Amino acid sequence: MATAGRRAAAALLLAVVAVLPPARGFSLPLQRPADCGDGRYFDISRLACGPCGAHQRRSAGGSSCVCQPGYRMVSSNGGSSIICEKCPENMSGVTQDGWNCITCPKGLTSEGKCKCLNNEILVERSINGILLNEALCIHCNGSEQSFSASDASGNRCVRCEQTFINVSKSCDCNSPNVLTGGLCFSASDSLPPKGVATVRFGQLGITLTSAWFLKNLQSSASACWLYSNLTACQALGNMCVMNMNSLSSSSTDACGLFQYIYVNTARLGIVHSVAFWRHNLPWLYYGDQPGLASQVLEANHFPTIFSFKGTDKDVKLQFIAASFDAAGNFLKWQNLEGGILQLCPDTQTKLNAAYTFGTTYQQSCKISVSKLLLDFANPIFYDLFLEYNGDNGQQYLWAVPVLNLNLQYSDMFVNQGSNMNNWLLTRRFFLVDTLSGKENDLGKLPRVIRIASKITISIRLVSHTQRGTIYPPLLTIAYTDVLIQNPETQSVMVSFSVNYEMNQSEAQIQTDITLGVLGGLAVLWSLLKTAGWKRRTGSSIIDLQTVLKFLLFYAGDLANVFFVITVGTGIYWLVFFKAQQFVSVLLPLPSQEEDFITYIACAFSLKALQFLQLLVSQLTVDIFFIDWERPKGKVLKAVEGEGVIKSAAAPVSIWRTYFIANEWNEIQTVRKINPLFQVLAVLFFLEVVGFSNLALMDSSSSLTRSSESYIAPWSRILRFGVSAALWLAIAFLQIIFFSVFYERFVEDKISQFVDLCCMSNISVFLLSHSCFGYYIHGRSVHGHADTNMEEMNMNLKREAENLCSQRGLLPNTDGQTFQISISRTMRRHYDRIHETLTRKRGPARLLDSSANTFEQSTRAYNAMNKFLSSFIDHVHKEMDYIVKDKLLLERILGMEFMEPIEKSIFYNGKKICDLVLVLF
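Residues numbered from 1 in each chain as written. Predicted model: local features only at pLDDT ≥ 70, side-chain atom pairs only at ≥ 80, totals over all residues. Heavy atoms only, no water.

> So, the overall build of the chain: which residues are in play, and what are the values?
Looking only at helices and strands, one finds 21 helices and 37 strands in the chain. The C-alpha radius of gyration computed for the chain amounts to 48 Å, which surpasses the reference 29 Å derived for 920 residues by more than 25%, pointing to a less compact arrangement than a globule. Oriented by its inertia axes, the alpha-carbon framework of the chain measures out at about 155 × 110 × 60 Å. Of all 920 residues assigned to the chain, the portion counted as buried reaches 43%. Taking the intrachain contacts of the chain between residues at least 6 apart in sequence as the baseline, contacts between residues at least 24 apart amount to 61%. Total accessible area computed for the chain in this model is approximately 48700 Å², and 58% of it derives from carbon and sulfur atoms. The averaged location of the 74 negative side-chain charges in the chain is 4 Å from the averaged location of its 79 positive side-chain charges. (Helix = DSSP H or I, 4+ residues; strand = E, 2+ residues; numbered from the N terminus. Rg over C-alpha atoms; globule rule 2.2 N^0.38 Å. Buried < 20%, exposed > 50% of the residue type's maximum accessible area, 1.4 Å probe, protein only. Contact = heavy atoms within 4.5 Å. Areas by Shrake-Rupley, 256 points an atom, 1.4 Å probe, with all protein chains shown as cover. Lys, Arg positive; Asp, Glu negative; His and termini not counted. Charge placed at Lys NZ, Arg CZ, Asp CG, Glu CD.)

> Could you give an account of the packing of helix α3 (residues 211-227) against helix α5 (residues 254-263), naming the residues involved and the relevant values?
Two elements in contact, α3 and α5, have axes separated by 10 Å at closest approach and are oriented at 5°. The angle between α3 and α5 places the two elements in the roughly parallel class. Contact residues: α3 offers Phe213, Leu217, Ala221, Cys224 and Trp225, while α5 offers Ala254, Leu257, Tyr260 and Ile261. Looking at the contact of α3 with α5, its residues break down into nine nonpolar, no polar and no charged. (Axes fitted to C-alpha atoms, helices over the stretch in contact; angles between N-to-C directions. Parallel < 35°, antiparallel > 145°, perpendicular 65-115°, else oblique. Nonpolar A, V, L, I, M, F, W, Y, C, P; charged D, E, K, R; others polar.)

> Go over the sheet that holds strand β37 (residues 904-908) with me, naming the residues and quoting the values.
The strand order across the open sheet built from six strands is β30-β33-β34-β35-β37-β36, with neighbouring strands paired in mixed fashion. At either end of the open sheet lies a strand with only one pairing partner, and these are β30 (622-627) and β36 (881-885). Strand-to-strand twist in this sheet, taken as the mean axis angle between neighbours without regard to direction, amounts to 25°. Bridging between strand β34 (residues 772-776) and strand β35 (residues 817-821) involves five bridges; their strand directions are antiparallel. Directly across from Gly773, in β35, lies its bridge partner Ile820. (Pairing = 2+ DSSP bridges.)

> Any chance you could break down a nonpolar patch on the surface for me, citing the residues and the numbers?
Taken together, the side chains of Phe563, Val564, Leu676, Val679, Leu680, Leu683, Trp727 and Leu728 present a nonpolar region at the surface, about 740 Å² in accessible area. Listed by contribution, the elements that provide at least two residues to the nonpolar patch are α11 (544-578), α14 (675-689) and α15 (716-745). When you line up the elements, Val564 lands in helix α11. (Patch = residues over 30% accessible without salt bridge, like charges linked within 9 Å, V, L, I, M, F, W, Y side chains within 5 Å. Salt bridge = Lys/Arg side-chain N within 4 Å of Asp/Glu carboxyl O.)

> Lay out unusual backbone geometry in plain terms, naming residues and giving numbers.
Phi angles above zero are rare outside glycine, and Leu47 is one such case at about 55°. Within the secondary structure, Leu47 is located in the loop between β1 (40-43) and β2 (48-51). The backbone phi angle of Asn280 is positive, close to 75°, even though this residue is not glycine. Mapped onto the elements, Asn280 comes out in the loop between β18 (274-278) and α6 (292-298).

> Which residues make up the confidence of the model for the chain, and what are the values?
Residues of the chain with pLDDT of at least 70 account for 92%, and the chain-wide mean is 86. The low-confidence segment residues 12-21, where pLDDT is below 50, has one contact with residues more than four positions distant or belonging to other chains. Here residues 911-920 is modelled with pLDDT under 50, and outside its nearest four sequence neighbours on either side it reaches 21 contacts, counting other chains as well. (pLDDT = per-residue confidence, 0-100.)

> Mind laying out helix α13 (residues 655-666), listing which residues take part and the relevant values?
Spanning twelve residues, α13 covers 16 Å between terminal C-alpha atoms, matching the ideal 16 Å at 1.5 Å per step. All buried positions along α13 are accounted for by Arg656, Thr657, Ile660, Glu663 and Trp664. Projected down its long axis, α13 carries its buried residues within an arc of 125°, all on one side. The exposed set on the far side of α13, more than 90 degrees from its buried face, consists of Trp655 and Asn665. (Expected span 1.5 Å × (residues − 1). Arc of directions from axis to C-beta.)

> Give me the lowdown on the state of the cysteines, citing residues and values where you can.
Applying the stated criterion to the full structure yields ten disulfides. What pairs with Cys104 in a disulfide is Cys114, and their sulfur atoms sit 1.7 Å apart. Around the S-S axis, the bridge from Cys104 to Cys114 shows a dihedral of about -70° and counts as left-handed. Taken together, the residues span a long stretch of sequence, with Cys104 in the loop between β8 (101-102) and β9 (120-125) and Cys114 in the loop between β8 and β9 at a distance of ten residues. Put simply, Cys224 and Cys233 are joined by a disulfide, and their sulfur atoms are 2.0 Å apart. On the sign convention where negative is left-handed, the bridge of Cys224 and Cys233, at about 100° about the S-S bond, is right-handed. Summarising the burial analysis for this pair, Cys224 and Cys233 share the class buried. (Disulfide = S-S within 2.5 Å.)

> How would you explain the packing of α13 against helix α16 (residues 749-760) if you had to name every residue and give the values?
With their axes 10 Å apart at the nearest point, α13 and α16 run at an angle of 175° to one another. Considered as vectors, α13 and α16 are oriented roughly antiparallel to each other. Where α13 approaches α16, its residues Arg656, Phe659, Ile660, Glu663 and Trp664 are matched on the opposing element by Phe753, Leu756, Cys757 and Ser760. Residue composition of the contact of α13 with α16, by class: six nonpolar, one polar and two charged.

> Tell me what's going on with the environment of Phe753, and back it up with residues and numbers.
Residue placement: Phe753 occurs in helix α16. Spatially, the C-alpha atoms of Phe753 and Gly129 are 118 Å apart, while their sequence positions differ by 624 residues. Sequence-distant contacts of Phe753, defined by excluding residues within four places in its chain, comprise Ile660, Glu663, Trp664, Ile667, Val764 and Ile776.

> Requested: an account of the side chain of Gln342, with residues and values cited.
Its place among the elements puts Gln342 in the loop between β20 (330-335) and α8 (348-352). Within polar-contact distance, the side chain of Gln342 engages the side chain of Tyr361 at 3.2 Å. What Gln342 contacts, discounting residues up to four positions off in sequence, is Leu336, Leu351, Ala354, Tyr355, Tyr361, Gln363 and Phe496. (Polar contact = N/O pair within 3.5 Å; in protein donor to acceptor, adjacent residues only side chain to side chain.)

> Account for the packing of aromatic side chains, naming residues and giving values.
Scanning the entire structure with this criterion turns up 46 aromatic pairs. Each ring, one from Tyr881 and one from Phe906, has its centre 4.3 Å from the other, and the planes form 25°; the classification is stacked. Placement of the pair is Tyr881 in strand β36 and Phe906 in strand β37, with a sequence separation of 25 residues. For Phe906, a relative accessible area of 0% puts it in the buried group. Through pairs of rings, three or more aromatic residues link up here, namely Phe302, Phe306, Phe308, Phe357, Tyr388, Tyr396, Trp398, Tyr500 and Phe577. The ring of Tyr262 has Arg278 lying over it, and the distance from NZ or CZ to the ring centre is 4.1 Å. When the ring centre of Phe385 is taken as origin, the NZ or CZ atom of Arg427, which lies over that ring, is 4.6 Å away. (Phe/Tyr/Trp six-rings, centres within 6.5 Å; stacked < 30°, edge-to-face > 60°. Lys NZ or Arg CZ within 6 Å of the ring centre and 35° of its normal.)

> Now, about the pattern of salt bridges: what can you tell me, with residues and values included?
All chains considered together, the criterion is met by 27 salt bridges. Glu337 is the salt-bridge partner of Lys316, the closest N and O atoms lying 3.6 Å from each other. Taken as a pair, Lys316 in the loop between α7 (312-315) and β19 (319-325) and Glu337 in the loop between β20 and α8 lie far apart in primary sequence, 21 residues in all. On the basis of relative accessible area, Glu337 is assigned to the partly exposed category, the value being 33%. Residue Arg705 is joined to Asp698 by a salt bridge in which the shortest nitrogen-to-oxygen separation is 2.6 Å. Residue class for Arg705 comes out partly exposed when judged on its relative accessible area of 22%. Here Asp698 falls in the buried class, since its relative accessible area comes to 5%. Beyond isolated ion pairs, a larger network of salt bridges with shared partners links Arg536, Lys886 and Glu896.

Structural data, given as structure tokens:
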């Protein structure tokens, strides 16, 4: 029984598994309503196309079926659930609702329904709703008593358009009267020129006849000209705007007709004392005289003071726009907050950040053409203003000029140049035009659409202002023409930005002056360094090497000049821009930062050249460790090759010299700045504490930013300023800590090395130039260092109790570190001994193969050790030296005034020697 139960359960499990779909069973083919064709409809429950029944076709919406012409519906439940029945021969028409057959006395439409003539309305039912056997076409009475005509749908009689009544005293516009755009004009009226209903899309090289223009251009121009019809004038202006406000003396397009009316209506006067704003006409242009743009943008100041910290009206740009539809109807006043001009979607907070004064705003995205067609089926036109309060508390509007980069004046793109005097400023603009590109039918998709792909609001600060005064803002627009092919796959890149700028010429002049002055000082400083180098090399001839050395010195000093200028510039903008309340300075634009970036590149390149020169100098330094230890007693030694044993001086251990040389190599990495800590500390303050937020191009000086708030773009100058300030500050603190605390209370490796030299009875003789170098006097005051521990402790105890002489080179002094300037005689003697060492590194064919190179090196080392120790002990009277202090000016200039002609000179200088030890 249990076995039978298990079998039944297994069978049930297999059945359930069998009905489960495979992994790909959850997918379905993508079908759209447009893919279904005429004989099929789109089933919204299956999301797929389904067949229509007999005598049926797809509806206009595509989601159901309707009866074919000549068939009426018997039943309908939506989709394909309808039943169609053929109408009898004597009643071949179908009523408007599709449920009944009816006789049509004046013919059928393509849909199989009754039609009537113009000024007639179709009647299919009596007043109480009873269906008539034969449809009636009732003529609308256009006589003086009623002046009625059929409406656009042909369902009712309404009063005909007023121009018909004015011209013909009826609802007919018969010849010789002119019918255009649904309006009637008398042939005796002085009509404007015949308009050209074309729109040119210059980026695509396409000129097409617009269905909208063909229908409304001439009628709007005529109504505006004859009757000063406000809506018609606005519609004409909108068509000019859709033509990019382009002007040509030989064209009678929308802008040509607008200019014709504008010029010939001067008698009507102006609006609000604006010379370019004619009564009854929209304000489209600021005039076409050369130089007007600079007067509009710079002649007057905007009468509001802005600040970085204050009330909303002081820190916000209160933009407001008057909006119109394409037919010229006024829609409403709109505040720009909320993303009115920003095509890219974003949060309300980030969209509104565009109008916070001082915040550089940048937004860009890619938008589908299908979305634009859906969202902007009817274009909206804007006249932009900036709101402010007058002295009496009254609210006023300041018109914001528009720079349309697509505008053509006499077939030239005058607004694309940098010369402001050639610009032609306009007023009205739109975001997306999906109307003018429709060729034949306004109900179909346009062939071309025009999109405001780049919108920039420029705010310019008045020069030498201390109270946040600005010039009138400028709205710059660039449009992109898109040829409609497949809206679902097509997309366009759009951007919106707000820039703040000021005249940087004065700052550039000051920077150039600083660069010139410091560059001149760098030349003098390099000449002094070259003169010092010549003296240290013992040469007085100005040769090619001297010129090259001067150029290398100058490269390093000029790199320092560029670095000082860039750091000063960065810190200046950081402090004065971020800390100000009433705005007096604005950050340079990215295009104005090119000189700054060039200075940084020059500083880096020249400093790299100086680094290579320093590396070469370090590779040519001579270092010799003088061993003052003397042999203790004698030992028996076999003479090689002779077979005899002779007594010889006990050898001195070389391990002390090796040990000092190793310690010398180790202290090369000693720095007053820990590189790892330096980098980590700078990164900590930049990223964790939030100092990097100070480099954002906005007015906030806060170190923290909310994730919901808008993050402004970086300023390269501020980034360098913040980073350089942090780097220098942390480095300075490290140097103070290392010099004041660490070296005093923990350890001083340089002093320890000097002590170690003295304990090891080893002196360091270093020549960085031919006749200049450094000396560490490490001669032990105890005479011997190669001794046992007990004697070593005794020596240290005697030294601690001042029972022996001091360690200094001179008697009764502690000075152990010196800068040395040696005579040429001493250098020549040094070179003769040094030659025996360098010769062993030459090509093998030039060496004496029979000689024992190791023994020669040993003899050369002993000879050099003996010579240098005797030189220090004043043995060679012709190569003697004196010890003196450096003059203060010598220390500052880094050069020696006295030339060691007869005697070498040892300069006291512990701090200077410490610095050199760190460098080397």
